[in-house]
Structure formats: C-alpha cells, structure tokens
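Below, each chain spelled out in residue letters.
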Amino acid sequence: MLNPMAMATEIALIAPGIYFWQAFDPKVKADLCSSAVDTQSGLFFIDPIPLERESLEEVGARHEIAGIVVTNENHERATDAFAERFRVPVFGGKTPSESRPAGRCQPVSSAQEKCAELTAIPVPGAPAGETALHFASQGGTMLIGDALINLDPYGFSLLPAKYCTNARLMRRSLESLLDYRFERMLFAHGTPLVSNARVRLEQLLASSS
C-alpha cells in the first residue's frame with residue numbers, strides 16, 4: 001500500500017495574489033513546497049501538493065482557476081486531484097492517460113498562450129523536463145522546480161550535482177534567468193525569497209562559476 005503524500009494544512013500569502021504552502025514528506029526527508037500565482041488569465045497552481053480542504057476551497061472561491069503547471073517530470077504530486085477538482089488543463093508533466101485526458105494535458109510552453117504574463121524557461125542539465133516560470137506582475141516572480149533550492153543544510157544553492165542530469169550545463173542554463181526582472185523566487189523545495197531574489201541569484205551564480 002502506497003503512503004499518502006504529505007498534506008499542507010495552511011496556505012500563506014507571500015505577496016498580493018501569490019500563495020505558498022508546504023509540508024514535510026518523511027519519504028523524501030525534505031519539505032515539499034507549492035505555489036499559486038494570480039494573473040489576468042486566472043490563478044495557476046505550480047507543482048501542487050495536497051492542501052487541507054478548507055484552505056483550498058477558500059482559494060478556489062476567491063479566484064478563477066486557469067490551470068496547473070508541473071515544472072519537471074518528478075513533480076506530478078497532487079496534480080491530477082487538482083485538475084479534477086477545478087476541471088482545468090495541466091501544463092507539463094506526464095503524457096495523456098486514462099486519468100488525465102489529452103484535452104487537459106498540454107506542454108508547458110502552451111501556458112504562455114493562455115497567459116501573457118507567464119514565460120516558461122527551459123533549464124537543461126537539471127532533472128528531466130525542468131522548466132522555470134517567470135510571472136511579470138507584482139515586481140516579478142520566478143518559480144523553480146528543482147534546479148535551485150533553499151533548504152537546510154544547503155541554504156540558497158544550486159541543486160546538488162548528484163540529482164542533476166548535467167550539473168555544469170544546469171548552472172549555465174540558470175544564467176538565462178537573469179534576463180528577467182523578478183523580486184521574488186519560490187521553490188518546489190525550500191523557503192521563498194521574498195525580496196532581492198534576482199540579486200541573490202546573480203551572486204550565487206558568480207560564486208559558483
């Protein structure tokens with residue numbers, strides 16, 4: 001019998017229209033983090049893990065839900081449950097299946113057609129399918145799957161090489177994120193950076209060159 005995924009009980013508002021929730025998963029011995037960003041096209045859930053029903057219903061009541069984005073092939077998490085609950089498309093992740101009809105399964109790049117404020121940025125060298133997401137509103141927010149983490153004992157750092165498909169290529173790929181303006185950075189694993197995130201990334205990449 002499979003163990004259920006860790007469930008978050010609370011959701012935090014990081015900035016207007018930007019949500020974050022997390023839970024510790026003993027199976028992977030790390031925090032699993034998820035986010036949601038409100039745009040002119042509606043609210044997008046990013047790499048969602050289960051969220052306590054009352055909190056999820058509250059967010060759903062406040063916003064029109066536009067879709068779900070999966071940042072790499074390892075981050076399916078509770079995507080199918082969210083897609084079924086809100087009847088919205090999934091951008092990225094696994095291919096169409098019986099549980100996820102083709103009409104609700106689209107490439108990450110297709111999310112840009114739905115939302116002009118969103119840019120999908122491939123990060124080769126990270127885990128398979130890794131794609132960073134830039135939302136231009138509210139001073140800019142960058143959302144990261146695995147390529148960058150902000151967890152103990154590492155702090156804000158590059159994903160350890162043993163988890164990458166090509167660590168050197170990943171580091172070079174992350175330089176492309178500096179082409180964008182962003183104040184915040186949210187992670188699939190770690191505490192959000194709520195200010196000066198682009199400067200922090202520039203410093204990190206310089207120190208790891």
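Procedures and definitions
Residues numbered from 1 in each chain as written. Predicted model: local features only at pLDDT ≥ 70, side-chain atom pairs only at ≥ 80, totals over all residues. Heavy atoms only, no water. Helix = DSSP H or I, 4+ residues; strand = E, 2+ residues; numbered from the N terminus. Buried < 20%, exposed > 50% of the residue type's maximum accessible area, 1.4 Å probe, protein only. Core = buried A, V, L, I, M, F, W, Y, C linked by side-chain atoms within 4.5 Å. Contact = heavy atoms within 4.5 Å. Pairing = 2+ DSSP bridges. Right-handed = clockwise from strand over helix to strand, strands pointing away. Phe/Tyr/Trp six-rings, centres within 6.5 Å; stacked < 30°, edge-to-face > 60°. Lys NZ or Arg CZ within 6 Å of the ring centre and 35° of its normal.

**Regarding unusual backbone geometry**
Look at the link from Asp-152 to Pro-153: it is a cis peptide, with omega at 0 degrees. One non-glycine residue, Asp-47, lies in positive phi territory at about 45 degrees. You can see Asp-47 is positioned in the loop between β4 (42–46) and α1 (53–62). One non-glycine residue, Arg-77, lies in positive phi territory at about 45 degrees. Topologically, Arg-77 is positioned in the loop between β5 (65–69) and α2 (79–86). A relative accessible area of 16% means that Arg-77 is categorised as buried.

**Considerations on the nonpolar core**
Counting 25 residues, the largest nonpolar core has Ile-144, Leu-148, Met-170, Leu-174, Met-185 and Leu-201 as its most contacted members. Secondary structure elements with two or more residues in this core: β10 (141–144), β11 (148–151), β12 (155–158), α4 (167–174), β13 (184–187) and α5 (197–207). A total of four residues in this core trace back to one element, the largest contributor, which is α5. Contacts of Leu-174, omitting those with residues within four sequence positions, involve Val-123, Ala-147, Leu-148, Leu-158, Leu-201 and Leu-205.

**Digging into the pairing of β11**
Neither face of β11 is left uncovered, since the one carrying Leu-148 and Asn-150 and the one carrying Ile-149 and Leu-151 both have all their residues buried. The pairing of β11 with β12 spans four bridges and is classified as antiparallel. Its bridge partner lying in β12, Leu-151 is registered against Gly-155. As consecutive antiparallel partners, β11 and β12 are separated by three residues.

**Quick word on the pairing of β5**
Most of β5 sits out of view: five of its five residues are buried. After leaving β4, the chain enters α1 and then returns to the sheet as β5, a path that is right-handed. The pairing of β5 with strand β6 (residues 90–91) spans two bridges and is classified as parallel. Bridging across to β6, Ile-68 finds its partner in Val-90. With α2 bridging β5 and the parallel β6, this β-α-β connection has right-handed handedness.

**Comments concerning the packing of aromatic side chains**
One pass over the structure, following the stated rule, counts seven aromatic pairs. An angle of 50 degrees between the planes, with centres 6.4 Å apart, marks the rings of Phe-44 and Phe-91 as tilted. Taken together, the residues span a long stretch of sequence, with Phe-44 in strand β4 and Phe-91 in strand β6 at a distance of 47 residues. Of the two residues examined, Phe-44 and Phe-91, each falls in the buried class. Taking NZ or CZ as reference, Arg-85 lies 4.5 Å from the ring centre of Phe-86, over its face.

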